[in-house]
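Commentary on secondary and tertiary structure
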Amino acid sequence: MNHYRLAPSILSADFRNLEKDITQAVQAGAQYLHIDVMDGLFVPSISLGMPVIKAIRPVSDVVFDVHLMVQDPERYIEEFARIGADIITVHAEATRHLDRAIQQIHACGKKAGVALNPATPLNALDYVLGKVEMILLMTVNPGFGGQKYIPEMTQKIKTLRERLTETGLETDIEVDGGINDSTIETVLTAGANILVAGSAVFDGKDIAANVRRYLAVMNR
Ligand code: DX5
Ligand code: ZN
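Everything numeric in this text was worked out from a predicted model, so none of it was measured.

Observations concerning the side chain of D65
- When you line up the elements, D65 lands in strand β3 (residues 63-69).
- No salt bridge is formed by the buried D65, whose closest oppositely charged neighbour, R5, lies at an N-O distance of 10 Å.
- Of note is the side chain of D65, whose polar atom sits 2.9 Å from the side chain of H34.

This is how it looks when you write it as structure tokens:
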């Protein structure tokens, strides 16, 4: 049985009041905090890095779900582990040595995730599927918050969940991008169990109410 988890993405939080926004999301019941690290090379934008993660680590012991949109992420795995990441996700497209990157994450005692861009086929996972705790399926092109869910991703989620079930694996499927009131049911039905939500959680007036609303749908 896969557990359902909500992973609010702080990319859409108020960076002037990060502690306040994080506390509200966590106190309302969010189990993960999704942290998007962008390097301006693998994706067009640059977001945040080690100093920010270090600064917010003492705010809460919530699971830090670190999504590295970084070229050659193996350069930084040890450091992210040391400053408090609990799950480290690398993009299959960003490294020549995916298997080695996964080994590095595990050697640091952390959970490993592999992310796929929307156009990357699932067979990129063929030889690593049994080695990771989580697969992150991008449901928008990575790089920015507030984009629209790509409808073709629903079938991708379904196919991956079927493949995992056939193999007897209970690997988590995380979806990231465009998750909101109009797409949440679709991705849950397709087989995702960890939902990232940035703008849908942090853009509104009431962060706690947003978190509680999504958790209620997930636990239905
Ligand atoms: C996009 C990031 C996402 C982003 C999602 O590249 O990986 O985590 O914060 O934002 P929303 O939920 O607004 O689509
Ligand atoms: Zn992300």
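Structure's up, so let's keep going.
Side note on the layout of surface pockets
- Estimates place the volume of the largest pocket at around 250 Å³.
- Along its surface, the largest pocket is lined by 25 residues, and F144, G145, G146, D176 and G177 are the ones closest to its centre.
- Partitioning the lining of the largest pocket into residue classes produces 11 nonpolar, 12 polar and two charged.
- By volume, the second largest pocket amounts to about 160 Å³.
- In this structure, the second largest pocket is lined by M1, N2, H3, R5, Y32, I87, K111, E133, M134, E170, D172 and I194.
- Looking at the lining of the second largest pocket residue by residue, the class counts come to five nonpolar, two polar and five charged.

Focus on unusual backbone geometry
- Even without being glycine, D72 reaches a positive phi, approximately 50 degrees.
- Along the chain, D72 falls in the loop between β3 and α3 (77-82).

Structural notes on the coordination of the zinc ion (ligand 2)
- The protein atoms that coordinate the zinc ion (ligand 2) are H34 (NE2), D36 (OD), H67 (ND1) and D176 (OD), at distances spanning 2.0 to 2.3 Å.
- Coordination at the zinc ion (ligand 2) is octahedral, judged from the six donor atoms that bind it and the angles of 70 to 169 degrees they form at the metal.
- Donor residues for the zinc ion (ligand 2) sit on one chain with the sequence pattern H-x1-D-x30-H-x108-D. With a gap of 31 residues between them, D36 in strand β2 (residues 32-38) and H67 in strand β3 connect regions that are remote in the sequence.
- Looking at H67, the relative accessible area reads 0%, which means it is buried.

About the cut-offs
Residues numbered from 1 in each chain as written. Chains lettered and ligands numbered in written order. Predicted model: local features only at pLDDT ≥ 70, side-chain atom pairs only at ≥ 80, totals over all residues. Heavy atoms only, no water. Helix = DSSP H or I, 4+ residues; strand = E, 2+ residues; numbered from the N terminus. Buried < 20%, exposed > 50% of the residue type's maximum accessible area, 1.4 Å probe, protein only. Lys, Arg positive; Asp, Glu negative; His and termini not counted. Salt bridge = Lys/Arg side-chain N within 4 Å of Asp/Glu carboxyl O. Polar contact = N/O pair within 3.5 Å; in protein donor to acceptor, adjacent residues only side chain to side chain. 1 Å grid on protein atoms, 1.4 Å probe; cavity = no way out; pocket = protein on both sides within 12 Å on 5 of 7 lines; lining within 4 Å. Points joined across faces, edges and corners; volume = space filled by probe spheres on them. Nonpolar A, V, L, I, M, F, W, Y, C, P; charged D, E, K, R; others polar. Donors = N, O, S within 2.8 Å, 3.2 Å for Na, K, Ca; no water. Tetrahedral: all angles 85-135°; square planar, octahedral: opposite > 155°, others 65-115°.

By themselves, these are just geometric observations and shouldn't be taken as functional.
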